[in-house]
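# Examination of the molecular architecture
Each chain is listed here by its residues.
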Amino acid sequence: MTESRKKLIHIDSTPYYHIQNHCVRGTYLVTEIDSHLQPSKLDLHRAQWFVDKLVQLSTIFCIDICAYAILNHHYHLVLKVDTDTANRLTINPLIQRWKLLFKLPPLAIKYSEQGSLTETEQKKMNELASLWRKRLTDISWFMRCLNETVSRKINKEENAKGAFWQGRFKSQALLDEPTLLACLMYVDLAPIREQLVQSLENDYLTSIKLRMSAMTQAQEEAQTYDINGDYLAIAQQPSTLLPFDHMTRAGKKVHIPFHLPDYIALIKWTHQGMIQNKIPTAPHSTPKLLIQLSIKKKDWINTCRLFSHHYSHVAGSWSKMCEFSHQFNGKWCKGKKNSLQLHPPSP
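Residues numbered from 1 in each chain as written. Predicted model: local features only at pLDDT ≥ 70, side-chain atom pairs only at ≥ 80, totals over all residues. Heavy atoms only, no water.

Along the backbone of the protein chain there are 15 helices and ten strands. Evaluated residue by residue, the protein chain yields a buried proportion of 49% over its 347 residues. Long-range pairs, those at least 24 residues apart, make up 68% of the contacts in the protein chain with a sequence separation of at least 6. Entry remark: accessible area of the protein chain is about 18000 Å², with carbon and sulfur atoms responsible for 51%. (Helix = DSSP H or I, 4+ residues; strand = E, 2+ residues; numbered from the N terminus. Buried < 20%, exposed > 50% of the residue type's maximum accessible area, 1.4 Å probe, protein only. Contact = heavy atoms within 4.5 Å. Areas by Shrake-Rupley, 256 points an atom, 1.4 Å probe, with all protein chains shown as cover.)

Structure, rendered in structure tokens:
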């Protein structure tokens, strides 16, 4: 029986979620263009529709994009819910955001035009604002806007009707840093893992391609204009993605809690392991992040190959997974063996 989404997504437990969905009726997001004159190229226009809408919605909703990969017949996302930003939104910004998604009710139009309401109207407006604030942090509403827009556009292109997506999207709650890191790697390496390509520099639309391009460009500009290190750390991160942590504010990490150079080093090492189907040896040293998290190299590569299959609706340390499952859906959870590999006991 299908679980209620409120039992699978609970932002008080974690703001990070892995999302995926598949196409149906034999259709596609990415396909090859056959040519006898040159090597086959990818038709990415549907994938670009998806990414463009994804980025647009992330500027409206209080939901950040951590990673994405758009493959032939399915996609992967890692999203972070930003409740702090949502809680700071007053009524006018909420109205401005909501009207980009749906038609405003007359009361909201009156408030935005006149700025004053009767006491009864103000009470109703406050209730509306509270509802919109909640929905702007709701992954289900986010995915509804994303999937419906893309499916309608593709159906129009194909002159077809009916479902484009395989039912509801699948979500996995990511409860801690090792699990988040593994899921980011799983998503960023999706084209390599699916044996669609061999190189990280490929034509598929992925977040790691965007991050590496921005990093390379920023480093080239730094050499040309003698940019200082602090500015470089900011400039080398794409504006459309949640940046990796290069600073701390008031003792609180505000970005993905890993340094970008460490992440790039780890993904290059993991990529080599997947391509060679073995643990990379010299001159490849053990990545810094694996040492910090005390994760065995063999376990790490296995996790990055099969992350989505190792877990069901939740992933993290075994104790946190059990607590999450018992609290919100009352079911036992899958993935104890793999959880212990990512969270080895202290010596």
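If you walk through the whole model with that rule in mind, you get seven salt bridges. With a closest N to O distance of 3.1 Å, glutamate 158 and arginine 25 form a salt bridge. Of the two residues, glutamate 158 sits in helix α6 (residues 139-158) while arginine 25 sits in the loop between β1 (16-22) and β2 (31-33), which places them 133 residues apart along the sequence. We classify arginine 25 as partly exposed; its relative accessible area is 38%. (Salt bridge = Lys/Arg side-chain N within 4 Å of Asp/Glu carboxyl O.)

With that settled, consider the nonpolar core. The biggest cluster of nonpolar side chains holds 107 residues, and the ones touching the most others in it are Phe61, Tyr75, Leu77, Met125, Ile139, Met143 and Trp300. Apart from residues no more than four positions distant in its own chain, methionine 125 is found in contact with Ile91, Ile95, Leu107, Ala108, Tyr111, Leu117 and Trp132. (Core = buried A, V, L, I, M, F, W, Y, C linked by side-chain atoms within 4.5 Å.)

Enumeration according to the criterion identifies twelve aromatic pairs in this entry. On the basis of an interplanar angle of 35° and a centroid distance of 4.6 Å, the ring pair of phenylalanine 244 and tyrosine 263 is categorised as tilted. Linking phenylalanine 244 in the loop between α10 (229-235) and β8 (248-249) with tyrosine 263 in helix α11 (residues 260-276), this pair joins segments that are 19 residues apart in sequence. Take phenylalanine 244: its relative accessible area is 1%, and that puts it in the buried class. Ring centres 5.2 Å apart and planes at 50° place the aromatic pair phenylalanine 307 and tyrosine 311 in the tilted group. For the residue pair phenylalanine 307 and tyrosine 311, the accessibility class agrees, reading buried in each case. Of the aromatic side chains, those joined through ring pairs into one cluster are Phe50, Tyr75, Phe164 and Trp165. Above the ring of tyrosine 186, the side-chain terminus of arginine 193 is found at 3.6 Å from the ring centroid. (Phe/Tyr/Trp six-rings, centres within 6.5 Å; stacked < 30°, edge-to-face > 60°. Lys NZ or Arg CZ within 6 Å of the ring centre and 35° of its normal.)

Below, the discussion takes up the pairing of β1. In terms of burial, β1 is largely enclosed, as six of its seven residues are buried. As paired strands, β1 and strand β5 (residues 74-81) are joined by seven bridges and run antiparallel to one another. Within β5, the residue paired with glutamine 20 across the bridge is histidine 76. (Pairing = 2+ DSSP bridges.)

All right, on to the sheet that holds β5 then. On the basis of which strands lie adjacent, the open sheet formed by six strands has the order β7-β4-β5-β1-β6-β10 and mixed pairing. Edge strands, defined here as strands with exactly one partner in the open sheet, are β7 (205-206) and β10 (314-315). Here two bridges tie strand β4 (residues 63-70) to β7, and the two strands are oriented antiparallel to one another. Across the sheet, isoleucine 70 pairs through a bridge with leucine 205, a residue of β7. Each of β1, β4, β5, β6 (170-174) and β10 is contacted by helix α7 (residues 177-188), which is oriented at about 40° to β4, the strand it contacts most. (Axes fitted to C-alpha atoms, helices over the stretch in contact; angles between N-to-C directions.)

We now examine the environment of histidine 271. Inspection of the secondary structure puts histidine 271 in helix α11. The exposure class of histidine 271 is buried, given its relative accessible area of 9%. Linking histidine 271 and glutamine 198, residues 73 residues apart in sequence, is a C-alpha distance of 8.8 Å.

Quick look at the packing of helix α4 (residues 106-114) against helix α5 (residues 119-135) now. Viewed as axis vectors pointing N to C, α4 and α5 meet at an angle of 105°, and their least axial separation amounts to 10 Å. When the axis of α4 is compared with that of α5, the two are roughly perpendicular. Across from Leu107, Ala108, Lys110 and Tyr111 in α4, the residues of α5 making contact are Glu121, Gln122, Lys124, Met125 and Trp132. Classifying every residue of the contact of α4 with α5 gives five nonpolar, one polar and three charged. (Parallel < 35°, antiparallel > 145°, perpendicular 65-115°, else oblique. Nonpolar A, V, L, I, M, F, W, Y, C, P; charged D, E, K, R; others polar.)

None of the figures reported here should be taken as evidence of function without further support.
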